[in-house]
Structure formats: C-alpha cells, structure tokens
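Letter by letter, the chains look like this.
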Amino acid sequence: MITLTVDLGDRSYPVVVGAGARHRLADLVPADVGRAAVVTQAGIGWSVDPGVDHEVFTIGDGEGAKTLATVERLTGAFAEWGLTRRDLVVAVGGGVVTDVAGFAAAVYHRGVRFVSVATSLLAQVDAAIGGKTGVNIAQGKNLVGAFWQPQGVVCDTDTLATLPPREWRSGAGEVAKYEFLRHLDPAGDAGVPLGELPLGERVAACVRIKAAVVAADEREGGTRALLNYGHTLAHALEAAGDHDVRHGEAVAVGLVYAAEVAHRLGRIDAARVDEHRRLVAAHDLPVAVPPPLDPDRILTLVGRDKKAVEGLTMVLDGPRGVELVTGIDEPVLRDALHAVVGDGPPPQGGSR
Ligand code: GLY
C-alpha cells in the first residue's frame, strides 16, 4: 500500500493507493464523525465500511446525473436522514460521483467533511484529487462548483480490474498526460515511463504529480492549468461529437496535437513529437482521429475553450517543459490539425 499526502497545510490529506485500499477507509474517517452518508451509483458495486453508522444514497449514472437537481435531491435526503455538520459524506465511484458528492458536501450545512473512494482510473489519477467539485448546467460542463478538499482519498486498484476497456481508456489518457508532467513532481523519478510501471505504482506516480501541482496552486492561479495539457483539442473533439471518443481518447489525440503545435512554433523538435506519439500509443490510446475532421468547426470550438484567457492559449511543451503559451495564430492551429487525422478507427482493447 502506498500512502501519499496532498500538502495543503492544515487541510492536508492522505491518498491511499493499492490493491484492497478500500479496506483502509475507516482509517481516514476523523475520530469525531458520528455517521456517514455513502453516495454511490447502482452500477458501482463496491460496498465500503466507514467504521461508523452509515446509510447508502444512490445517484443516477453518467454525466446526466451531474446536475443541481441531483445535488438538491441528495442534500434533501441527507437532511431527512439527519446528517449533521459533525458527520461525513463518503463518495464511492468514478468522477461523476466524487464531483457530485463532493459538491453536495461543500454546500450541505455550508460544508461537511467528505472522503472519496475512487473506483475508476480517471477518478483515481485526476477527478478525486485536488478538491475540484461541481456539476454541469445547460450552459456548460462544471460551471457550478466549489473547491472543497476531502479528508482523504482511497484509490483501490482492485476496483480497476472490472472497468470496461473504454472506461479504462478514459483514465489512461490522463495517465498519458502525466508522462509529460513528471518534472512537476520534485520527488519523482522520471526514468521509467508510467505505462511500464506496475498498476499501483503507476496510479501513485500520477497522484504524486497531481498532489504536487495542487499543493503549489490549489485555486488554479497558474501551474494547475498545466493539468489541462492535451485538453484544448480534447474538449473541442468532445464538444463536436463527430467522433466516438471517450475523454481519455480525446486527451490522447490532444497531446499529440499540442506537440504538433509546439513543433510548428519551434518549441520542440520532431523527435519530441515522435516521443509524444510513442508514449501515448504505449497506453493503447489513439494518436489520431479517423477522417473526416471539419477544421472550421473544430477551430471554432478550440477558440471557445474555457481555459483560453488571452487570444488562443494552450499548454505547450518547450525547452522549459510544458507551460501556458498565449497568442497562438490560427494558421498554426489549422495546419497542426492535419497531423492528427488518421485513416483508421482508434485501437480497441486496453492494457491494465
Ligand atoms: N482536472 C484538472 C484539475 O484538477 O485541475
């Protein structure tokens, strides 16, 4: 078992990673907690024991459940059960559950404590770490939320064994992203590619990078935006909906696209672009989308990316590693798109 810390002063918390880590949940429950509301989805299938009196509350499946209506229903059910400010919310599931339950915890009684038991690869390496909680509204994803740090996070790698391949690839894209952010973890060993590490060590290495970034910039004033590496094109592909891509697959193509843009700006050489393709492919992820790709539509969506602050801004690799680059010209963005349109479907299957 590997225990890491997200270092936020008096709001620091542990992240326990490994096979069977869910059995450590009770160790993360503060001693003064009276009861726990366990929030999960019907299909998750992992029961947990927080070591105190608890009740299970289920929310719907998929992004469709990430709404204010779900939070209203959930907090209403908490109130009917009599959850108090002394108590605890325990989220058991993937990113939808940790985002919704975390946000419900942030707003119920103006904030109650919560712990996440992350059961998907995406939640373990990204969504459950760092305190971003929230829901979608009609105008956009994650537009309503709060920074609300958990008391602890459990990443039980046993729960990953049953993930469907595409669910796995949803998280693998984020793991591939961390291949290029390893310098952000001062304690990290960048020698062995993450894809070659045993699963527990791989998840732990990703958590360590994310924890270091969050510790340095909890509220995304700067460095935390680097976690969006590969996400500019990914968000556009997801919003366009023309390709059947899961989030991680879109991020994978987005990483290669970012490398192609960086190369055209003279920031990295062709060998580094190849390295992007090689490292992404090593996670059984696509490095291109099948044709057709409508460049005008994609570029319009890229321009609307909510992370754009000053002209077109992207996270790009370069001599100092990845950093935010502003004012990128449209012809560069358009030309680089050609490099990520392949002629076959994304690979199927997935590695563990
Ligand atoms: N998922 C990006 C972040 O937590 O900042």
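Given the structure is predicted, the values throughout are model-derived calculations rather than measurements.

Conventions adopted
Residues numbered from 1 in each chain as written. Predicted model: local features only at pLDDT ≥ 70, side-chain atom pairs only at ≥ 80, totals over all residues. Heavy atoms only, no water. Near = heavy atom within 4 Å. Polar contact = N/O pair within 3.5 Å; in protein donor to acceptor, adjacent residues only side chain to side chain. Areas by Shrake-Rupley, 256 points an atom, 1.4 Å probe, with all protein chains shown as cover. Axes fitted to C-alpha atoms, helices over the stretch in contact; angles between N-to-C directions. Helix = DSSP H or I, 4+ residues; strand = E, 2+ residues; numbered from the N terminus. Parallel < 35°, antiparallel > 145°, perpendicular 65-115°, else oblique. Left-handed = near helix turned anticlockwise from the far one by under 90°. Contact = heavy atoms within 4.5 Å. Phe/Tyr/Trp six-rings, centres within 6.5 Å; stacked < 30°, edge-to-face > 60°. Buried < 20%, exposed > 50% of the residue type's maximum accessible area, 1.4 Å probe, protein only. Pairing = 2+ DSSP bridges. Salt bridge = Lys/Arg side-chain N within 4 Å of Asp/Glu carboxyl O. Patch = residues over 30% accessible without salt bridge, like charges linked within 9 Å, V, L, I, M, F, W, Y side chains within 5 Å. Expected span 1.5 Å × (residues − 1). Bend = angle between axes of the 7 residues up to and from the residue. pLDDT = per-residue confidence, 0-100.

Colleague: Report on the site of the ligand, specifying residues and quantitative values.
Modeller: Inspection of the region around the ligand gives Asp126, Lys132, Lys210, Glu220, Arg224 and Leu227 as its neighbouring residues. Within the side chain of lysine 132, one N or O atom sits 2.9 Å away from an oxygen atom of the ligand. Burial of the ligand by the protein chains amounts to 86% of its free accessible area of 200 Å².

Colleague: I'd love a proper account of the packing of helix α10 (residues 295-303) against helix α11 (residues 330-338), names of residues and values included.
Modeller: Where α10 meets α11, the closest approach of the two axes is 11 Å, and the angle between their N-to-C directions is 125°. Put simply, α10 runs oblique to α11. The chirality of how α10 crosses α11 is right-handed. Across the interface between the two elements, Pro295, Asp296, Ile298 and Leu299 of α10 pack against Glu330, Leu333, Arg334 and Leu337 of α11.

Colleague: Go over the packing of aromatic side chains with me, naming the residues and quoting the values.
Modeller: For any two aromatic rings, the description comes down to two numbers: the centre-to-centre distance and the angle of the planes. Using the criterion set out here, one finds four aromatic pairs in the structure. A ring pair is formed by phenylalanine 78 and tyrosine 108, whose centres lie 5.5 Å apart and whose planes are at 85°; its orientation type is edge-to-face. In this pair, phenylalanine 78 sits in helix α2 (residues 68-81) while tyrosine 108 sits in the loop between α3 (95-107) and β6 (113-118), placing the two residues 30 residues apart along the sequence. In terms of burial, phenylalanine 78 and tyrosine 108 fall into one category: buried. Of the aromatic side chains, those joined through ring pairs into one cluster are Phe57, Phe78, Trp81 and Tyr108.

Colleague: So, the sheet that holds β6: which residues are in play, and what are the values?
Modeller: Strand order in the open sheet formed by seven strands is β1-β2-β9-β6-β5-β3-β4, and the pairing between neighbours is mixed. The open sheet has two edge strands with one neighbour each: β1 (2-6) and β4 (53-59). Averaged over all pairs of adjacent strands, the angle between strand axes in this sheet comes to 20°, irrespective of strand direction. Across five bridges, the pairing between β1 and strand β2 (residues 13-18) is antiparallel. Across the sheet, the residue bridging to leucine 4 is valine 15, located in β2. Running at roughly 155° to β4, α2 makes contact with β3 (35-41), β4 and β5 (88-93) of the sheet. The sheet strands contacting helix α6 (residues 199-216) are β1, β2 and β9 (152-156), and the helix crosses β1 at an angle near 15°.

Colleague: Can you explain the pattern of salt bridges? Please cite residues and give values.
Modeller: Overall, the coordinates contain 25 salt bridges when judged by the stated rule. Residue arginine 35 pairs with aspartate 53 through a salt bridge whose shortest N-O separation is 3.8 Å. Of this pair, arginine 35 sits in strand β3 while aspartate 53 sits in strand β4, and the two are 18 residues apart along the sequence. Relative accessible area serves as the criterion here: at 21%, arginine 35 is assigned to the partly exposed category. The exposure class of aspartate 53 is partly exposed, given its relative accessible area of 44%. With its nearest N and O atoms 2.7 Å apart, the salt bridge here joins arginine 166 to glutamate 249. Taken together, the residues span a long stretch of sequence, with arginine 166 in helix α5 (residues 165-178) and glutamate 249 in helix α8 (residues 247-264) at a distance of 83 residues. Of the residues examined, glutamate 249 reaches a relative accessible area of 1% and is grouped as buried.

Colleague: I'd like to hear about the side chain of asparagine 136, residue by residue, with values.
Modeller: Counting through the fold element by element, asparagine 136 comes out in strand β7 (residues 132-137). Residue class for asparagine 136 comes out buried when judged on its relative accessible area of 14%. Within the structure, the side chain of asparagine 136 is placed 2.7 Å from the side chain of glutamate 63, a separation counted as a polar contact. Reaching out from asparagine 136, the side chain makes a polar contact with the backbone nitrogen of asparagine 142 at a distance of 2.8 Å. Excluding residues within four positions of it along the chain, asparagine 136 makes contact with Glu63, Lys66, Thr67, Lys141 and Asn142.

Colleague: Would you mind going over a nonpolar patch on the surface in detail, with residue names and values included?
Modeller: A grouping of Leu68, Ile137 and Leu143 is seen on the molecular surface, where their side chains present a nonpolar patch of about 230 Å² in accessible area. Among the structural elements, isoleucine 137 can be located in strand β7. Assessed through its relative accessible area of 31%, isoleucine 137 is described here as partly exposed.

Colleague: Tell me about the pairing of β7, and name the residues and values.
Modeller: The two faces of a sheet get side chains in turn, since along a regular strand they alternate between them. In terms of strand pairing, β7 meets strand β8 (residues 140-147) through five bridges, oriented antiparallel. Residue pairing in the sheet places lysine 132 in a bridge with phenylalanine 147 of β8. Two successive antiparallel strands, β7 and β8, enclose a turn made up of two residues.

Colleague: I'd like a description of α5, backed by residues and values.
Modeller: The end-to-end C-alpha distance of α5, which contains 14 residues, comes to 20 Å, matching closely the 20 Å that a straight helix rising 1.5 Å per residue would cover. Glycine 171 marks where α5 bends most, by close to 25°. Counted residue by residue, α5 has eleven buried out of 14 residues, so it is predominantly covered. Trp168, Arg169, Ser170, Gly171, Ala172, Gly173, Glu174, Val175, Ala176, Lys177 and Tyr178 are the residues of α5 that are buried. The elements touched by buried residues of α5 are α4 (121-127), α6, α7 (231-240) and α8.

Colleague: Please set out the confidence of the model for the protein residue by residue, giving values where relevant.
Modeller: Overall, the predicted model of the protein reaches an average pLDDT of 93, with 95% of residues at or above 70. Scored below 50 in pLDDT, residues 344-352 shows 25 contacts in the model against residues more than four places distant or in partner chains.

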